[in-house]
Amino acid sequence: MSPAVMSAAVMDKPLSIEVKKVNRPEPGPDEALIKVHCIGICGSDVHYYEHGRIGRYVVEKPIILGHELAGEVVQVGEKVTNVSIGDRVAVEPGITCGRCEYCKSGRYNLCPDVVFMATPPVDGAWAEYVTVRSDFLYKLPDEMSFEDGALLEPLSVGFHAMRRGKVGPGDRVLVVGLGPIGLLAIQAAKLFGVTEIYGSDVVPFRRELALEMGATGVVNPLDGDVQGQLSQLTEEKGIDVIIETSGNSKAISDTIHLVKRGGRIVFVGLPATNEIPLDIPQLVDSELNVYGVFRYANTYPDAIQALSRSQLDMGKIITHKYPLSRIKEALEVARTQKDTSIKVMIYPHGGENK
């Protein structure tokens, strides 16, 4: 009997992607087969599509991209006990070894042997079905949509940033860069009890959306004197924690001067250059704490619990919806319309208009 097939978006070279019929994967003993309901387009997907590489990760053979997904369990391996057929699940896309010192200490995001979806040469999930090791599947509560389940992946970056920055309810937080990660960092801050959250971005649409999603106030770096704008917004109380998601070199350098003495800076966005000047005397004199963020670890269960009991509407960041058959059009929107698009969501089985 011939193997079952499915539709998948296959990229063979930069700016070239096509929906093709490929063999549907079969779950191993500890895996489940997931029917993908929806899957987001991430900035890394766009970068691979446009340039064919990110740093040392190079697309050298046809690849399926996509790693922000949720769906339904339709088949399970013989050793799977934590999920059942019919369960609605979110997928954590980085499968770690579980044996190294980082995995054993709980910092499995630093596992040197992680297999991360849509990171060459590993295929992702812009497809009708995908297999996932079952311990990286998380059941969704009935009140949580598939879209929220897919957005748990980028939300987890913000969630992890809050933990790294030791953010608490009494902090005044500034999120620099209001793309998908920045906007969801605002939601993460709200889940951590923060009531004063400010945003910074040069794009008016993104600043307006940040306010809709609960930001206390926003600043435009192009207006100059960002410190003055923040002083006015905070009534000169200052910023306790900066979450830098833009990756802009100047924005990264400026964080040292925008946070109050004794404050914390969390670097999330990756800059285009390896070396960026930082005012070290200012950092030392102000006794600042600086943290880096690499993906996330141990976020999905807590984020699901917190989000399911909140009134947050993460779906506001979904600006466009497309079926898998229009993946190239969707990618071009994400690539070229950054002033009006935030999160583009793909629906491999249809349902994008529901």
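Residues numbered from 1 in each chain as written. Predicted model: local features only at pLDDT ≥ 70, side-chain atom pairs only at ≥ 80, totals over all residues. Heavy atoms only, no water.

Draft legend 1. Main features of the packing of aromatic side chains. Evaluation of the coordinates by the stated rule reveals 4 aromatic pairs. Between the aromatic rings of Phe159 and Phe192, the centroid separation amounts to 4.9 Å while the plane-to-plane angle is 70 degrees, which identifies the pairing as edge-to-face. With Phe159 in helix 3 (residues 146-164) and Phe192 in the loop between helix 4 (180-191) and strand 14 (196-200), the pair connects residues that are 33 residues apart, well separated along the chain. Judged by centre distance (6.1 Å) and plane angle (55 degrees), the rings of Tyr296 and Tyr300 are tilted. Judged by its relative accessible area of 0%, Tyr300 is buried. In textbook terms, an aromatic cluster arises when at least three aromatic residues are bridged by ring pairs, as seen for Tyr138, Tyr296 and Tyr300. Above the ring of Tyr129, the side-chain terminus of Arg24 is found at 5.0 Å from the ring centroid. Over the aromatic face of Phe116 sits the side chain of Arg295, whose NZ or CZ is 3.8 Å from the ring centroid. (Phe/Tyr/Trp six-rings, centres within 6.5 Å; stacked < 30°, edge-to-face > 60°. Helix = DSSP H or I, 4+ residues; strand = E, 2+ residues; numbered from the N terminus. Buried < 20%, exposed > 50% of the residue type's maximum accessible area, 1.4 Å probe, protein only. Lys NZ or Arg CZ within 6 Å of the ring centre and 35° of its normal.)

Draft legend 2. How the structure looks around the sheet that holds strand 2 (residues 16-23). The sheet built from 3 strands is open, its strands ordered 2-1-6 with antiparallel pairing. Edge strands, defined here as strands with exactly one partner in the open sheet, are strand 2 and strand 6 (63-64). Note: strand 1 (residues 5-13) against strand 6, 2 bridges, orientation antiparallel. Paired with Val10 across the two strands is Ile64, which belongs to strand 6. (Pairing = 2+ DSSP bridges.)

Draft legend 3. Summary view of the environment of Lys190. In this structure, Lys190 sits in helix 4. Using a relative accessible area of 30% as the deciding quantity, one classes Lys190 as partly exposed. It is 9.9 Å that separates the C-alpha atoms of Lys190 and Met213, two residues lying 23 residues apart in sequence. Filtering out sequence-adjacent residues up to four positions away, Lys190 remains in contact with Ile197, Met213, Gly214 and Leu312. (Contact = heavy atoms within 4.5 Å.)

Draft legend 4. Summary view of the packing of helix 1 (residues 43-51) against helix 10 (residues 327-336). Relative to each other, helix 1 and helix 10 sit at 105 degrees, their axes nearing to 10 Å. The angle between helix 1 and helix 10 places the two elements in the roughly perpendicular class. Across the interface between the two elements, Val46, Tyr49 and Glu50 from helix 1 touch Lys328, Leu331, Glu332, Ala334 and Arg335 from helix 10. Considering only residue class, the contact of helix 1 with helix 10 consists of 4 nonpolar, no polar and 4 charged. (Axes fitted to C-alpha atoms, helices over the stretch in contact; angles between N-to-C directions. Parallel < 35°, antiparallel > 145°, perpendicular 65-115°, else oblique. Nonpolar A, V, L, I, M, F, W, Y, C, P; charged D, E, K, R; others polar.)

Draft legend 5. Representation of the sheet that holds strand 18 (residues 289-292) in the model. The strand order 15-14-13-16-17-18 describes an open sheet built from 6 strands, whose pairing is parallel. A strand with exactly one partner marks an edge of an open sheet, and here the two such strands are strand 15 (217-219) and strand 18. On average, adjacent strands in this sheet sit at an angle of 20 degrees to one another, irrespective of strand direction. Bridge count between strand 16 (residues 239-244) and strand 17 (residues 259-267): 5 bridges; the pairing is parallel. Bridge pairing in strand 17 places Ile242 opposite Ile265. The sheet contacts of helix 6 (residues 226-233) involve strand 13 (172-176), strand 14, strand 15 and strand 16, and relative to strand 15 the element is tilted by about 165 degrees. The sheet strands contacting helix 7 (residues 249-258) are strand 13, strand 16 and strand 17, and the helix crosses strand 17 at an angle near 155 degrees.

Draft legend 6. Highlighting the packing of helix 3 against helix 9 (residues 300-308). In contact at an axis separation of 9 Å, helix 3 and helix 9 are set at 105 degrees when each is read in the N-to-C sense. By the angle between their axes, helix 3 is roughly perpendicular relative to helix 9. Between helix 3 and helix 9, the residues in contact are Asp148, Leu152, Glu153, Leu155, Ser156, Phe159 and Arg163 and Tyr300, Asp302, Ala303, Ile304 and Leu307, respectively. Looking at the contact of helix 3 with helix 9 residue by residue, the class counts come to 7 nonpolar, 1 polar and 4 charged.

Draft legend 7. Expanded view of the environment of Leu69. The residue Leu69 is located in strand 7 (residues 68-76) in this model. When the C-alpha atoms of Leu69 and Ala125 are compared, they prove to be 7.6 Å apart, with 56 residues separating the residues in sequence.

Draft legend 8. Main features of helix 1. Within the sequence span of helix 1, burial applies to Asp45, Val46, Tyr48 and Tyr49. The arc that holds the buried residues of helix 1, viewed along the axis, is 165 degrees, so those residues lie on one side. Buried-residue contacts for helix 1 involve strand 1, strand 2, strand 3 (31-40), strand 4 (53-54), strand 5 (57-58) and helix 10. Directly after helix 1, the chain includes Gly52, whose backbone phi takes a positive value near 80 degrees. (Arc of directions from axis to C-beta.)

Draft legend 9. Structural view of the pairing of strand 13. Where burial is concerned, most of strand 13 is hidden: 5 out of the 5 residues are buried. Side chains Arg172, Leu174 and Val176 of strand 13 all project onto a buried face; the interleaved residues Val173 and Val175 project onto the opposite face, where all are buried too. Where strand 13 meets strand 14, 5 bridges bridge the pair, whose relative direction is parallel. Looking at strand 14, one finds that Val176 is bridged to Ser200. One ladder, built from 4 bridges, connects strand 13 with strand 16; its direction is parallel. The residue bridging Leu174 from the neighbouring strand is Ile242, located in strand 16.

Honestly, that's just the spatial picture; any functional story needs more than this.
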